[in-house]
Amino acid sequence: MTRLPDEMNAIDPAGPGGPEVLALVRRPVPRPGPGEVLIKVVAAGVNRPDIVQRLGAYPPPPGAPSIPGLEVAGEIAAVGEGVDLAAGELVCALVAGGGYAEYALAPVGQCLPVPDALTLIEAAALPETLFTVWSNLFERAYARDGETALVHGGTSGIGTMAIALGRLFGLKIIVTCGSDEKCRRAEALGAAHAINYRTQDFVAEAHRLTGGSGVDIVLDMVGGDYLPRNLDCLAEEGRHVSIAVQRGAKAELNIVKVMQRRLVLTGAFLRSRSVEFKTLVAEELLRNVWPFVEDGRLKPVIDKTFPLAEAADAHRRMEAGDHVGKIVLTVGR
Ligand SMILES: NC(=O)c1ccc[n+]([C@@H]2O[C@H](COP(=O)([O-])OP(=O)(O)OC[C@H]3O[C@@H](n4cnc5c(N)ncnc54)[C@H](OP(=O)(O)O)[C@@H]3O)[C@@H](O)[C@H]2O)c1
């Protein structure tokens, strides 16, 4: 095993602020503890929660590094006690932080092998949206073959993953997007229909597109005043899953509608869940989804890559909102 350096380049802002706080700094290279691997990072995915963290509204959970970044891909550089992976293996991993760096620690159970069908840039763009969409759509909302889901943010990292998984698992995915151009892109990726929420009423469209019955599931990243409208989209026994609250954390609901149509309201944050939970999700993904990754049928949609040193520009691109799919930082190699 090659000797590890003592220090590495990383992005680790001293405090909240604009994209300019994402400057390169030197940090100690972490050492893997029991059950952990140290990954020499080749690429790290950028996710909207990284922006919320940068702004100071989404602090890392206890024990997680202050370095942002929730997903990486690269080569195993060192392993801790009790880990049966070897140095040199290529993995992608879901991490609770630490991705924007040359080296990152990951619990071994949150690592997935990188098959030949994926580049390391593609691999780095998978974990956060794959774990989130899988656990919310198929576990919390128990989506079944033939059902219809309404997904807001159709061209987001999350939305493009929902479209891809929907296509592979027999779901009809209706999305909303903020422009006609984004609607066309979402439909080209496999969405059954895309609704421009700026020019159309998505509640009326959801009913029109389902012959009046409504959708089985809403995967919601908008919150606020979307909540009552989302409930109006749902069919009997419909399930509403909240994963973000971009328009606010509070909503006023008519509970009678929940009772009349026997709706289920649920939601989850992924980052603060236990290593045990994330390990179980990784095992499910390995069994159910990885065969599609291995044969090239599931790949993330890559919008643009930026070198780690230009993380500020990567955040600017995401905040401008013109991206489709995933923004990725390239780190080494
Ligand atoms: N709960 C969890 O564990 C978890 C995990 C990962 C991500 N998330 C959340 O999931 C969301 C997506 O993350 P991402 O990394 O994929 O971000 P992203 O690519 O930046 O996407 C954000 C999306 O939000 C959409 N949006 C904003 N306001 C909207 C509105 N009023 N109506 C409809 N859509 C609206 C945007 O759509 P337009 O550009 O078309 O307007 C855009 O597609 C974020 O809010 C993030 O915090 C939650």
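Our structure is the block above this text.
Residues numbered from 1 in each chain as written. Predicted model: local features only at pLDDT ≥ 70, side-chain atom pairs only at ≥ 80, totals over all residues.

A. Up close: the overall build of the chain. Counting its regular elements, the chain contains 11 helices and 15 strands. Here the C-alpha atoms of the chain give a radius of gyration of 20 Å, agreeing with the 20 Å that 2.2 N^0.38 yields for 333 residues. Taken along its principal axes, the extent of the C-alpha atoms in the chain is 65 × 40 × 35 Å. Per-residue burial for the chain yields a buried fraction of 49% across its 333 residues. In the chain, 67% of the contacts between residues at least 6 apart in sequence involve partners at least 24 apart. (Helix = DSSP H or I, 4+ residues; strand = E, 2+ residues; numbered from the N terminus. Rg over C-alpha atoms; globule rule 2.2 N^0.38 Å. Buried ≥ 20, exposed ≤ 12 C-beta atoms within 10 Å, placed from the backbone. Contact = placed C-beta atoms within 7 Å.)

B. Seen up close, the environment of Cys-233. Its location among the elements puts Cys-233 in helix H7 (residues 226-233). We classify Cys-233 as buried; it has 25 C-beta atoms within 10 Å. Separated by 92 residues in sequence, Cys-233 and Gly-325 have C-alpha atoms that sit 25 Å apart. In this view, Cys-233 contacts Leu-150, Val-203, Ala-206, Gly-214, Val-215 and Val-218; residues no more than four positions away in its chain are not counted.

C. Examining the pairing of strand S9 (residues 172-177) more closely. Counting buried positions over the 6 residues of S9 gives 5, a clear majority of the element. Here strand S8 (residues 148-152) runs beside S9; their pairing, made up of 5 bridges, is parallel. By the bridge assignment, Ala-149 is partnered in S9 with Ile-173. For S9 and strand S10 (residues 193-196), the ladder comprises 4 bridges, and the chain directions are parallel. Opposite Val-175, over in S10, you have Ala-194 as the bridge partner. (Pairing = 2+ DSSP bridges.)

D. View of helix H9 (residues 275-288). Relative to the 20 Å expected for 14 residues at 1.5 Å per residue, H9 spans 20 Å between its end C-alpha atoms, a close match to the ideal helical length. Taken as a whole, H9 has its buried residues at Lys-278, Val-281 and Ala-282. All buried residues of H9 lie within an arc of 105° about the axis, which places them on one face of the element. Of the residues in H9, the exposed ones pointing more than 90 degrees away from the buried face are Glu-276, Glu-283 and Arg-287. Contact partners of the buried residues in H9: strand S5 (90-94), strand S7 (111-113) and helix H3 (127-140). (Expected span 1.5 Å × (residues − 1). Arc of directions from axis to C-beta.)

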